[in-house]
Amino acid sequence: MYGGGNVFEATKFDDLQTEDPAKLAEFEARIARGEKIEPNDWMPQLYRKQLIRMIEQHAHSEIIGALPEGTWITRAPGFRRKMAQMAKVQDEVGHAQLLYSAAETLGKTREQMLTDLINGKSKYSNVFNYPAFTWADSNIISWLIDAGAIVNQMANAKGSYGPYSRALERICAEEAFHLKYGHDAVVHMATGSPKQREMIQAALNRWWPPIMTFFGPSDKMSTHTETLMRWKVKMASNDECRQQFLDMYVPKIWELGLTVPDPNLKKNMETGQWEYTEPDWDEFKRVINGDGPCNAERLAVRRTAEERGAWVRRALLNPKAKYVKPLA
Amino acid sequence: MNELAIKDLLYKLADDQLILGHRNSEWTGFGPILEEDIAFSSMAQDKIGHSLAFYTLLQELGEADPDTVAFTRNANQFHNNQLVELPNGEYDFSLIRHFLYDNAEIIRFEMLSQSSYEPIAKVATKLKGEVKYHVLHANTWIKNLGTSTEEAILRLQSSLNEAIPYALGMFEPSKYEQELIEAGVYPGEEAVKAEWLKRIQAVLEKTDLKLPDFATVEPKMGGRYGEHTEHLQPLLDEMAEVFKIDPTAEW
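What counts, and where the lines are drawn
- Along each chain, residue indices are assigned from 1 in the same order as the chain's sequence is written.
- Working convention: letters from A go to chains and numbers from 1 go to ligands, in the order in which they are written.
- Owing to the predicted nature of the model, reporting of local features is limited to residues with pLDDT of at least 70; listing and counting of side-chain atom pairs is limited to 80 or more, with chain, interface and lining totals taken over all residues.
- In this text, helices come from DSSP runs of H or I with a minimum length of four residues, and strands from runs of E with a minimum of two, each type numbered from the N-terminal end.
- Both definitions apply: the radius of gyration is a C-alpha atom measure, and the globule rule equals 2.2 Å times residues to the power 0.38.
- With C-beta atoms placed from the backbone, a residue counts as buried when 20 or more other C-beta atoms lie within 10 Å of its own, as exposed when 12 or fewer do, and as partly exposed for counts between those limits.
- By definition, residue pairs are in contact when their C-beta atoms, positioned from the backbone, come within 7 Å.
- Under the scheme applied, nonpolar residues are Ala, Val, Leu, Ile, Met, Phe, Trp, Tyr, Cys and Pro; charged residues are Asp, Glu, Lys and Arg; polar residues are all the others, including Gly.
- By definition here, a helix of n residues has an expected span of 1.5 Å times n minus one.
- One axis is fitted to the seven residues ending at the residue and one to the seven starting there. The bend at that residue is the angle between these axes.
- Defined on buried residues, the nonpolar core groups Ala, Val, Leu, Ile, Met, Phe, Trp, Tyr and Cys residues joined through C-beta atoms within 7 Å.
- Where helices are involved, their axes are fitted lines through C-alpha atoms of the stretch in contact, as for all axes, and angles between N-to-C directions lie from 0 to 180°.
- In these notes the angle categories are as follows: under 35 degrees is roughly parallel, over 145 is roughly antiparallel, 65 to 115 is roughly perpendicular, and the rest is oblique.
- Helix crossings get a hand from a simple test, with the near helix turned counterclockwise from the far one by less than a right angle marking a left-handed crossing and a clockwise turn marking a right-handed one.
- The directions from the helix axis to the C-beta atoms form the arc being described.

- Under the annotation held in an unreviewed UniProt entry, chain B carries the name Phenylacetate-CoA oxygenase subunit PaaC and is attributed to Pontibacter aquaedesilientis.

- You'll find chain A entered in an unreviewed UniProt entry as 1,2-phenylacetyl-CoA epoxidase subunit A, with Pontibacter aquaedesilientis given as the organism.

## Structural notes on the overall build of chain B
- From N to C terminus, chain B includes 10 helices and 0 strands.
- Taken from the N to the C terminus, the helices and strands of chain B come in the order α-α-α-α-α-α-α-α-α-α.
- Taken over the C-alpha trace, chain B has a radius of gyration of 18 Å; the compact-globule value for 251 residues is 18 Å, and the two agree within 12%.
- In terms of overall dimensions, chain B has C-alpha extents of about 55 × 45 × 30 Å along its principal axes.
- Within the span of chain B, comprising 251 residues, buried residues form 48% of the whole.
- Of the contacts made within chain B by residues no fewer than 6 positions apart, 76% connect residues no fewer than 24 positions apart.

## A closer look at the interface of chain B and chain A
- Across the contact, 42 residues belong to chain B and 36 residues belong to chain A.
- Looking at the side of chain B that touches chain A, the elements that each hand over two or more residues are α1 (3-25), α2 (34-60), α3 (66-72), α7 (150-168) and α10 (232-240) of chain B.
- With 11 residues, the top contributor of residues to the side of chain B that touches chain A is α2(B).
- Across the side of chain B that touches chain A, the residue classes break down as 20 nonpolar, 11 polar and 11 charged.

## With respect to α7(B)
- In this model α7(B) runs 27 Å from its N-terminal to its C-terminal C-alpha over 19 residues, within 8% of the 27 Å that 1.5 Å per residue would give.
- The axis of α7(B) is deflected most strongly, by about 35°, at E162(B), and proline P165(B) appears within four residues downstream.
- Looking at α7(B), one finds that the buried residues are A152(B), R155(B), L156(B), S159(B), L160(B), A163(B), I164(B), Y166(B), A167(B) and L168(B).
- On its buried side, α7(B) packs onto α11 (295-316) of chain A together with α4 (82-85), α5 (91-112) and α6 (118-145) of chain B.

## Comments concerning the nonpolar core
- Among the nonpolar cores identified, the biggest contains 154 residues, and L51(A), I55(A), L99(A), A103(A), I140(A), L83(B) and L100(B) are the most heavily contacted of them.
- Once residues lying within four places of it in the same chain are set aside, the contact partners of A103(A) are I52(A), I55(A), E56(A), A59(A), K108(A) and M113(A).

## Here we look at the packing of α5(B) against helix α9 (residues 189-204) of chain B
Residues and elements named next belong to chain B.
- Across the interface, α5 lies against α9 with an axial gap of 9 Å and an inter-helix angle of 130°. On the basis of their axis angle, the class for α5 and α9 is oblique. The two elements α5 and α9 meet at a crossing, and its hand is right-handed. Residues L100, N103, A104, I107, R108 and M111 of α5 form the contact with α9, whose own contacting residues are V192, E195, W196, R199 and I200.
- Looking at side-chain class alone, the contact of α5 with α9 contains 7 nonpolar, 1 polar and 3 charged residues.

## Some words on α10(B)
All names here are of chain B.
- Inspection of α10 places L232, L235, L236 and M239 among the buried residues, and these make up the whole buried set. The arc enclosing the buried residues of α10, seen along the axis, measures out at 95°, which places them on a common side.
- Structurally, α10 contributes buried residues whose contacts are with α1, α3 and α4.

Right, dumping it as structure tokens:
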């Protein structure tokens with residue numbers, strides 16, 4: 001589950017000065033023709049670097065994203081939800097596996113990526129630094145965060161890097177089930193007992209601000225991404241994704257009799273654009289930089305898991321084996 | 001056929017799978033490698049699904065619906081063996097438990113697929129195909145890690161020693177044991193145990209692990225009669241935390 005948006009460093013003109021102009025032109029022509037770039041093809045260093053960064057952040061978002069929902073597996077009410085919640089969270093871990101493999105084709109190992117995650121060097125989707133207080137929070141994540149992720153990932157599936165785009169196609173197919181599961185769970189809560197309705201509205205109120213930041217800062221404040229858009233690394237702007245999400249899901253939320261906690265939220269019929277209270281981007285930056293309600297806890301869990309599992313990985317290492325990049 | 005004896009057997013089968021499925025699911029997000037995270041989560045789904053199949057048979061015999069049975073009983077009403085309720089511990093303990101338990105469970109399912117009691121035979125026939133993969137997973141990992149580093153072997157051996165008394169408790173006879181055997185429902189726990197021993201020994205022989213001498217081991221019995229360790233009730237409380245907010249609600 002990944003909303004993208006906040007991952008790119010500004011690209012500098014200098015970054016491309018060292019590249020062979022003929023190769024660069026051919027590379028750009030291939031992308032313009034809609035061809036996919038494969039692991040052993042020539043690519044500019046900047047392309048490789050930004051892709052590793054993006055795919056790695058996506059992979060981290062999947063395993064960290066498994067934590068807030070994962071805590072509700074053992075508490076899910078009834079067999080139907082218990083089995084679905086397990087399958088859903090397992091899918092997310094499976095996505096991480098696929099994505100780490102896709103990133104490995106660009107030359108960074110899974111072990112290195114996980115080390116960077118634990119050390120706080122690489123980021124993951126900011127929403128997972130917020131807690132899932134109740135079962136209803138977990139339902140809101142399954143529905144709306146997965147919905148947001150689909151909007152972003154469907155766009156990126158059309159991107160230029162072959163292994164990432166193929167992984168995303170598979171991931172989106174699974175996320176579509178998560179969305180149905182999440183929606184079904186929210187419908188049961190929203191049409192259930194007064195207590196259930198109260199729980200789901202409270203969860204929506206808690207999650208709305210993080211959801212609004214899920215696609216990253218507004219385009220007017222984002223760093224320049226023209227080169228990355230031309231290379232089909234970034235496929236849609238943050239605001240485009242946010243607008244598409246609001247268009248698809250706000251009516252569905254209202255349909256359930258739930259209230260969106262933003263008095264300014266409305267669709268401007270003339271422009272066709274949604275208007276809303278600007279999210280608190282200062283908080284967003286603070287949380288991304290480590291000062292959110294759950295940053296420390298999420299990383300501590302991951303670190304503990306890595307430390308406790310280290311002996312297994314050591315035992316599996318065969319000194320005679322040679323490292324090979326995965327097939328993609 | 002004595003219906004109480006059949007129900008007793010079904011509760012034992014269902015509760016074992018539910019509780020171990022629940023424990024396995026606690027590995028989601030915490031596995032030593034992603035592949036094992038996913039594997040334990042997969043087995044958890046199978047096992048919870050198996051428990052549902054057995055609770056459904058119980059419902060057909062007049063017991064309450066599966067959700068009520070699974071989510072509202074107290075520990076002293078559970079018939080699972082004590083091995084499955086123990087906390088996951090480190091990966092070595094979870095793996096050893098998985099190895100000891102699933103090698104027994106598949107034998108029970110194989111025997112039950114020949115049962116004179118047709119509803120169980122049908123379900124067991126279907127489920128043993130899934131448990132086969134759980135056994136394959138356990139045996140592969142025990143063989144791999146059990147011949148790897150000194151550290152891994154020491155850890156596994158220590159977990160094996162710790163788990164064996166509880167594992168022997170899996171074969172605690174029910175009060176209807178003789179009846180079930182005579183009616184051809186299945187050959188009983190002693191028969192399961194004898195075959196289990198052969199199979200786990202065959203795997204352990206290919207490793208640097210040694211089965212403790214059973215003469216020196218006191219089996220942990222009582223689970224089949226509702227006696228449990230202090231770990232089961234907290235597990236059940238957690239499992240029912242949301243369900244009990246409103247047991248009549250549809251979640």
